[in-house]
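# Examining the three-dimensional arrangement
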Amino acid sequence: MFWSGFEQAGSSLNLFARDFTDRMIFGWEVPASMLQNINPTFIILLAPVIGSLWVRLGSRNPSIPIKFGLGLVLLGVGFLVLAWGAQFVADGQVSPMWLVVTYFFHTVGELCLSPVGLSSTTKLSPQRLQGQMMGIWFVGAALGNLFAGLVAGQLETMIPADLFRTVAMITGGAGIVAIGLAPQVKKLTMGAR
């Protein structure tokens, strides 16, 4: 679910940047693809912050399922921001700040989910199946890319604000459900942190 929204960075978000975003800076038009650099920049800047936050929280550190739910909710918030910004497209192109803020939420969501997912996959898998289970983790990411492409294909027929709002409701709703189910899922993890 997470990757199907997150991986729209290379499709629907890039198309939004190309077609609906004012990319002129000092008379130079920034290529839409350069806005893809925002996420990796945020990863470099925020990974130490989020990592140290988890360490500082110590025993109050959220459980694995809570972090997964937070990742989905933050992804949904990012799409809500972009849906809000996309409403102003009728007045012309919108500021790239809508994408910057969206990528910020997506990156923080990714930092809640991805490293935790990789770690928990090895911790929760039987030792003899750890390699295969890591493969399944990456199959999930690949399927997310597939679904991201299918969703982005709807950009031609849907108003961007409606598309992004729909993705926000689905991913954010899944995150809320994940947080609600966290106590039951945490029991199944048998104390893995």
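Quick note: structure is the one above.
Residues numbered from 1 in each chain as written. Predicted model: local features only at pLDDT ≥ 70, side-chain atom pairs only at ≥ 80, totals over all residues. Heavy atoms only, no water.

## Describing the nonpolar core
Just so we agree on the cut-off: We define the nonpolar core as a collection of buried residues of types Ala, Val, Leu, Ile, Met, Phe, Trp, Tyr and Cys that are connected through side-chain atoms lying within 4.5 Å of one another. Categorising residues by exposure relies on relative accessible area from a 1.4 Å probe, with only protein chains included: less than 20% of the type maximum marks a residue as buried, more than 50% marks it as exposed, and the intermediate range marks it as partly exposed. Per the convention used, a helix needs a DSSP run of H or I reaching at least four residues, while a strand needs a run of E reaching at least two, with both numbered from the N terminus. Contacts were defined at the residue level, with two residues in contact if any of their heavy atoms lie within 4.5 Å.
Within the largest apolar cluster, 39 residues are counted, with the highest numbers of intra-cluster contacts made by Leu13, Phe16, Leu99 and Phe164. Contributing elements (two or more residues each) for this core: α1 (2–6), α2 (12–20), α3 (38–57), α4 (64–86), α5 (97–124), α6 (130–152) and α7 (160–188). At eight residues, α4 tops the list of elements feeding residues into this core. Not counting the four nearest positions on each side in its chain, Leu13 is found in contact with Gln8, Phe79, Leu82, Leu99, Tyr103, His106 and Phe164.

## Some points on the environment of Ser63
Inspection of the secondary structure puts Ser63 in the loop between α3 and α4. The spatial distance from the C-alpha of Ser63 to the C-alpha of Thr189 is 9.6 Å, given a sequence separation of 126 residues.

## Overview of α5
This is how the line gets drawn: A helix is expected to span 1.5 Å multiplied by its residue count minus one. Note on bend: the value at a residue is the angle between axes fitted to the seven residues ending there and to the seven starting there.
Taking 1.5 Å per residue, 28 residues should reach 40 Å; α5 reaches 39 Å between its end C-alpha atoms and fits that length. Helix geometry: α5 is bent most strongly at Gly117, by close to 30°.

## Comments concerning the layout of surface pockets
Vacant regions in the atomic arrangement are exposed by a probe of water-molecule size rolled over the atoms. To keep things clear, this is the line we draw: Cavities and pockets were defined on a 1 Å grid built over protein atoms only: a cavity is a set of grid points that admits a 1.4 Å probe from which the probe cannot escape, a pocket is an open set flanked by protein on both sides within 12 Å along at least five of seven lines, and lining residues are those with an atom within 4 Å of any such point. Grid points are joined across faces, edges and corners, and a volume is the space filled by probe spheres set on the points. Three classes are used: nonpolar for Ala, Val, Leu, Ile, Met, Phe, Trp, Tyr, Cys and Pro, charged for Asp, Glu, Lys and Arg, and polar for all others, with Gly counted as polar.
Here the largest pocket is characterised by a volume of approximately 380 Å³. Along the walls of the largest pocket sit 19 residues, with Ile64, Phe68, Leu113, Gly117 and Trp137 positioned nearest its centre. Elements supplying a minimum of two residues to the lining of the largest pocket: α1, α4, α5, α6 and α7. If one sorts the elements of the lining of the largest pocket by residue count, α5 sits on top with five residues. For the lining of the largest pocket, the per-class residue count stands at 14 nonpolar, five polar and no charged.

## Details of the environment of Gln87
Mapped onto the elements, Gln87 comes out in the loop between α4 and α5. Setting aside its immediate chain neighbours within four residues, Gln87 contacts Ala161 and Arg165.

## Describing the packing of aromatic side chains
Stated precisely, the cut-off is as follows: We call Phe, Tyr and Trp rings a pair once their centres come within 6.5 Å, taking the six-membered ring for Trp, and we label the pair stacked below 30 degrees between planes, edge-to-face above 60, and tilted otherwise.
All chains considered together, the criterion is met by eleven aromatic pairs. Ring centres of Phe2 and Trp3 lie 5.0 Å apart, and the angle between their planes is 85°; this geometry places the pair in the edge-to-face category. A relative accessible area of 12% places Trp3 in the buried class. Through a chain of ring-to-ring contacts, the aromatic side chains of Phe16, Phe20, Phe79 and Phe164 assemble into a single cluster.

## Some words on a nonpolar patch on the surface
As a reminder, the rule being used: Like-charged residues are merged into a patch within 9 Å and nonpolar side chains (Val, Leu, Ile, Met, Phe, Trp, Tyr) within 5 Å, provided each residue has over 30% relative accessible area and no salt bridge. The accessible surface values rely on the Shrake-Rupley method and a 1.4 Å probe; as for residues, cover is taken only from the protein chains in view. We count a salt bridge whenever a side-chain nitrogen from Lys or Arg sits within 4 Å of a carboxyl oxygen from Asp or Glu.
Nonpolar side chains collect at one region of the surface, where Met133, Ile136, Val139, Leu143, Leu146, Phe147 and Leu150 lie side by side and expose about 640 Å² of accessible area between them. Mapped onto the secondary structure, Met133 falls in helix α6. Among the residues examined, Met133 registers a relative accessible area of 33% and is labelled partly exposed.

## Focus: the pattern of salt bridges
Summed over all chains, the structure comprises three salt bridges. Across the pair Arg18 and Asp19 runs a salt bridge, and its minimum N-O distance is 2.7 Å. Its salt-bridge partner being Arg165, residue Asp162 comes within 2.9 Å of it at the nearest N-O pair. With Asp162 and Arg165 both in helix α7, this residue pair falls three residues apart, about one helical turn.

## Considering the packing of α2 against α7
A packed helix pair is summarised by two numbers, namely the angle formed by the two axes and the spacing between the axes. The line we're drawing: Simply put, an axis is a line fit to the C-alpha atoms, just over the touching stretch for a helix, and the angle between two N-to-C directions goes from 0 to 180 degrees. An angle below 35 degrees is read as roughly parallel, one above 145 as roughly antiparallel, one from 65 to 115 as roughly perpendicular, and any other as oblique. Left-handed is the label given to a crossing in which the near helix is rotated counterclockwise from the far helix by less than a right angle, and right-handed is the label when the rotation is clockwise.
Interaxial distance between α2 and α7 falls to 12 Å at its minimum, and their mutual angle equals 155°. The angle between α2 and α7 places the two elements in the roughly antiparallel class. For the pair α2 and α7, the crossing hand works out as left-handed. Here Ser12, Leu13, Phe16 and Phe20 of α2 come into contact with α7, specifically with Pro160, Leu163 and Phe164. Grouping the amino acids of the contact of α2 with α7 by side-chain chemistry returns six nonpolar, one polar and no charged.

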